[in-house]
Amino acid sequence: MPHAKDSQRELFARQSRARGLMLGLALGETLGAARGRPPATGVLRAGVSTQLACFTAEGVIRALVRGSHKGVCYGPGVVLHAYSRWAFVQGIAQEKMRARWNPYDNKGWPDGWLTGVPALAERRGSAPATVTALSRIELGEPGMATPSRGCHALTRALPVAVAGPWAVAQAGALAALTHGDPAAQSATLHAAFLAHHCLGHPVAARDPFTPPEQDDPSGRAVREALHAGITALPGDDRPVTEQEHARLQAAFKHALEEPAHPGHLARLAPDPTAPAALLGAVYAAASFPGRADIPAALAFAAGAPDGESVACVTGALLGAVHGAEALPAGLVSRHELAWVLDTLARDLTLELDDSPSGMEHVPAWDPHWWERYPGW
């Protein structure tokens, strides 16, 4: 009979890896923007991908809450509402956002706790396709999207990997809200699928007498997770062309045969597009797969032509396998959104484990959960 402690430990492990994904993507984007050389002291600022990823995670939680209470929910629609709240606090198309989401001037909108975080209301870099599409919100979802292949379609969607296969299957639809290029949509789906594999891949328990720097020196868990994910990628709900699959396989093979080669990284990730971010991250993560290698992996990924996106995805993949505790504490503790990201990751796993707001015929055990995550 399973011991009560076993379920607690299993939840802790899942939370650690979800936190690792969220904190890893944020740390990667920040280090990528600094070309791998962050300031020695002071607060580390978040980028726009991290801001949007926060709203993706919050939107997924709210979609889960809605599904628990209503029985049905279209996830991308709820996440679109989340991106609209980001746009509103950023001062983007505010009148259009009010007309779409708050036509009766309800003083409680934008709702949810995330809109009260000051750092999420500050402009942090450019996400032109996302901003352009959201500024067309009156056209409705099919008419909003731009023809962009940009990386933000992918980087902002990575938190869906935590929510499981049903959410991963909708990753392409999340990208399609703003990015109309099929390659951006497929790369987003593929990245979410690989991140989900990284979250679920078994990792051997560490020997407490082994120094941390010697723990899993070969990085076997990361390489196994990526290889298994790439191998399993073709599926009915995961469309992938032969060319896309071959490129992922080649990126992984290059990492095994010629790891950490700047020329390979530049060829795999030559621009700030979603496919480049994915291929560059697979190469970087598989080149530096060990638990103690994360700082080196992020520094290497930051050297790509668009280091922000490549390091962002690299950090998410490595954090998903190794967990939050493997990330460099000296950097994570300085990141301005560390608490926000950590809270969202914990709340997402908690919502998946045991809906605090209850269900249609089940009372809430947290009376404040619906206020934090309204189901719409």
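Counting restarts for each chain, with residues numbered from 1 along the sequence as it is written. Only residues with pLDDT of at least 70 are given local features in this predicted model, and only at 80 or more are side-chain atom pairs given and counted; all residues enter the totals for whole chains, interfaces and linings. Only hydrogens and water are removed before side-chain values are computed, so all heavy atoms of the structure are retained for them.

Participant: Run through the layout of surface pockets, naming residues and quoting values.
Facilitator: Residues are said to line a cavity or pocket when one of their atoms sits within 4 Å of a point; the points come from a 1 Å grid over protein atoms alone, cavities being sets where a 1.4 Å probe fits but cannot get out and pockets being open sets with protein on both sides within 12 Å along at least five of seven lines. Grid points are joined across faces, edges and corners, and a volume is the space filled by probe spheres set on the points. There is about 290 Å³ of room inside the second largest pocket. Around the second largest pocket, the lining is made up of 17 residues, and of these A183, E244, R247, P275 and L279 lie nearest the centre. Of all the elements in the fold, those that place two or more residues in the lining of the second largest pocket are α10 (182-200), α12 (242-257) and α14 (274-287). Split by residue class, the lining of the second largest pocket holds 9 nonpolar, 4 polar and 4 charged. Only DSSP runs of H or I with at least four residues qualify as helices, and only runs of E with at least two residues qualify as strands; both kinds are numbered from the N terminus onward. In this classification, Asp, Glu, Lys and Arg are treated as charged, Ala, Val, Leu, Ile, Met, Phe, Trp, Tyr, Cys and Pro as nonpolar, and every other residue, Gly included, as polar.

Participant: Explain the side chain of T115 residue by residue, including any values.
Facilitator: By the element assignment, T115 lies in the loop between α4 (94-101) and α5 (128-134). Burial classes follow relative accessibility: with a 1.4 Å probe on protein chains only, a residue under 20% of its type's maximum area counts as buried, one over 50% as exposed, and anything between as partly exposed. Overall, the relative accessible area of 19% leaves T115 in the buried class. Each polar contact in these results corresponds to two N or O atoms within 3.5 Å; when the atoms are within protein, one needs to be able to donate a hydrogen and the other to accept it, and residues that are neighboring in sequence are counted only if both atoms are side-chain atoms. Separated by 3.2 Å, the side chain of T115 and the backbone oxygen of G112 make a polar contact.

Participant: Explain the nonpolar core residue by residue, including any values.
Facilitator: Among the nonpolar cores identified, the biggest contains 120 residues, and L21, L114, L337 and L344 are the most heavily contacted of them. Take this core: its biggest share by element is 11 residues, from α14. Throughout, nonpolar core names a set of buried Ala, Val, Leu, Ile, Met, Phe, Trp, Tyr and Cys residues whose side chains join them through atoms within 4.5 Å.

Participant: Give me empty space enclosed by the protein: which residues, what numbers.
Facilitator: Across all of its chains, the model carries 1 cavity of 30 Å³ or more by this definition. Volume-wise, the largest cavity comes out at about 60 Å³. Taken together, V60, A63, G75, P76, V79, V160, W166, A167, Q170 and L174 make up the lining of the largest cavity. Ranked by residues supplied to the lining of the largest cavity, first place goes to helix α3 (residues 75-89) with 3 residues. Residues of the lining of the largest cavity, tallied by class, amount to 8 nonpolar, 2 polar and no charged.

Participant: Tell me about the pattern of salt bridges, and please be specific about residues and values.
Facilitator: When a carboxyl oxygen of Asp or Glu is within 4 Å of a side-chain nitrogen of Lys or Arg, the pair counts as a salt bridge. A complete count under the given rule lists 18 salt bridges for this structure. For the salt bridge of E95 with R98, the shortest nitrogen-to-oxygen distance reads 2.5 Å. A residue pair is termed a helical-turn pair when its members lie 3 or 4 positions apart in one helix, as E95 and R98 do in helix α4 at 3 residues. When its relative accessible area of 30% is taken as the criterion, R98 is described as partly exposed. Measuring nitrogen to oxygen at the nearest pair gives 3.5 Å for the salt bridge that ties K96 to E138. Taken together, the positions of K96 in helix α4 and E138 in the loop between α5 and α6 (141-144) put the pair 42 residues apart, joining distant regions of the chain. Residue E138 is classed as exposed on the basis of its relative accessible area of 51%. Members of the salt-bridge network, linked through shared partners, are R19, E325, D342 and R346.

Participant: With reference to specific residues and values, describe α12.
Facilitator: By this rule the span expected of a helix is its residue count minus one, scaled by 1.5 Å. With 16 residues, α12 should reach 22 Å at 1.5 Å per residue; the first-to-last C-alpha distance of 22 Å fits that figure. Among the residues of α12, those classed as buried are H245, L248, A251, F252 and A255. Mapping the buried residues of α12 onto a view down its axis gives an arc of 125°, with all of them on the same face. Of the exposed residues in α12, the ones pointing more than 90 degrees away from its buried face are E242, Q243 and E257. Packing partners of the buried residues in α12 comprise α10, α11 (220-232), α13 (262-268) and α14. The arc under discussion is defined with respect to the helix axis, by the directions toward the C-beta atoms. Whether two residues touch is decided by their heavy atoms; if any such pair falls within 4.5 Å, the residues are in contact.

Participant: Give me the lowdown on the packing of α10 against α11, citing residues and values where you can.
Facilitator: Their axes nearest at 9 Å, the elements α10 and α11 cross at an angle of 135°. Here α10 lies oblique to α11, going by the angle between them. Note that α10 runs across α11; the crossing there is right-handed. Contact residues: α10 offers F193, L194, H197 and C198, while α11 offers A225, L226, A228, G229, I230 and A232. The class makeup of the residues in the contact of α10 with α11 is 8 nonpolar, 2 polar and no charged. Note on geometry: axes are lines fitted to C-alpha atoms, helical ones only across the stretch in contact, with angles between N-to-C directions running from 0 to 180 degrees. Angle categories are assigned with fixed cut-offs, so that under 35 degrees is roughly parallel, over 145 is roughly antiparallel, 65 to 115 is roughly perpendicular, and the rest are oblique. For a crossing to be left-handed, the near helix must be turned anticlockwise from the far one by less than a right angle; the clockwise case is right-handed.

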